[in-house]
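Observations on the model geometry
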Amino acid sequence: QVQLVESGGGLVHPGGSQRLSCAASGFTFSSFAMSWYRQAPGKERELVAAITAGSITNYADSVKGRFTISRDNAKNTVYLQMNSLKPEDTAMYYCKARDRWSAYWGQGTQVTVSS
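Summarised in this report is the structure supplied together with it. Model, not experiment: these values are computed from the prediction.

For the rest of this paragraph, the subject is unusual backbone geometry. Although it is not a glycine, Ser55 adopts a positive phi angle of roughly 70°. Examined against the element boundaries, Ser55 turns out to sit in the loop between strand S5 (46–51) and strand S6 (57–59). Of note in this structure, Ser84 is not a glycine but carries a positive phi near 50°. The residue Ser84 is located in the loop between strand S8 (77–82) and strand S9 (91–98) in this model.

What follows covers the sheet that holds strand S7 (residues 67–72). On the basis of which strands lie adjacent, the open sheet formed by four strands has the order S1-S3-S8-S7 and antiparallel pairing. Of all the strands in the sheet, the pair left with one neighbour each is strand S1 (3–7) and S7. Neighbouring strand axes in the sheet, compared pairwise and without regard to direction, differ in orientation by 15° on average. Looking at chain direction, strand S3 (residues 18–25) and S8 are connected through six bridges and run antiparallel. Among the inter-strand pairings, Leu20 is bridged to a residue of S8, identified as Leu80.

In a soluble, globular protein the nonpolar side chains are often hidden away together inside. Ranked by size, the top nonpolar core spans 28 residues in total, and within it Met34, Trp36, Val78, Leu80 and Tyr93 carry the most contacts. Of all elements in the fold, only S3, strand S4 (33–39), S5, S7, S8, S9 and strand S11 (109–113) reach the threshold of two or more residues within this core. No other element matches the four residues that S9 contributes to this core.

This brings us to the state of the cysteines. Per the stated rule, a full pass over the model turns up one disulfide. Between the sulfur atoms of Cys22 and its disulfide mate Cys95 the distance is 2.1 Å. Between Cys22 and Cys95, the disulfide has an S-S torsion of -80° and is therefore left-handed. Remark: Cys95 occurs in strand S9 and Cys22 occurs in strand S3; sequence separation between them is 73 residues. Comparing Cys22 with Cys95 shows no difference in burial state: the two are buried.

This paragraph deals with the pattern of salt bridges. Per the stated rule, a full pass over the model turns up four salt bridges. With a closest N to O distance of 3.0 Å, Arg38 and Asp89 form a salt bridge. In this pair, Arg38 sits in strand S4 while Asp89 sits in the loop between S8 and S9, placing the two residues 51 residues apart along the sequence. As a salt-bridge pair, Arg66 and Asp89 come within 2.8 Å of each other at their nearest N and O atoms. With Arg66 in the loop between S6 and S7 and Asp89 in the loop between S8 and S9, this residue pair connects regions lying 23 residues apart in the sequence. Note on accessibility: Arg66 and Asp89 belong to one class, buried. The network of salt bridges with shared partners includes Arg38, Glu46, Arg66 and Asp89.

Each value, and the rule that gives it
- Residues numbered from 1 in each chain as written.
- Predicted model: local features only at pLDDT ≥ 70, side-chain atom pairs only at ≥ 80, totals over all residues.
- Heavy atoms only, no water.
- Helix = DSSP H or I, 4+ residues; strand = E, 2+ residues; numbered from the N terminus.
- Pairing = 2+ DSSP bridges.
- Axes fitted to C-alpha atoms, helices over the stretch in contact; angles between N-to-C directions.
- Core = buried A, V, L, I, M, F, W, Y, C linked by side-chain atoms within 4.5 Å.
- Buried < 20%, exposed > 50% of the residue type's maximum accessible area, 1.4 Å probe, protein only.
- Disulfide = S-S within 2.5 Å.
- Salt bridge = Lys/Arg side-chain N within 4 Å of Asp/Glu carboxyl O.

Take a look at the structure:
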């Protein structure tokens with residue numbers, strides 16, 4: 001059974017940091033590209049960051065220089081380190097795994113940036 005279990009969300013103050021984790025099981029993690037998406041109420045879901053099976057990364061312009069995506073294939077886990085957080089970063093964050101044939105989504109974790 002495929003599972004993507006996210007953790008690390010919560011309430012943080014503007015300028016603070018947070019690290020999200022996504023633990024994967026039920027598929028060959030090392031052969032999948034991994035990514036983080038987010039969706040705020042009333043807005044479209046957007047790609048935040050992605051990392052290929054070969055560890056090539058890309059980021060949305062809105063988070064470039066502040067967020068870092070990484071993966072640990074030995075732990076079947078992908079991370080999103082978020083620094084210098086802004087209220088505009090408030091959203092539900094989702095983990096996604098994909099290969100040529102399939103795509104899987106996690107349940108999401110809420111990140112709220114507020115004073």
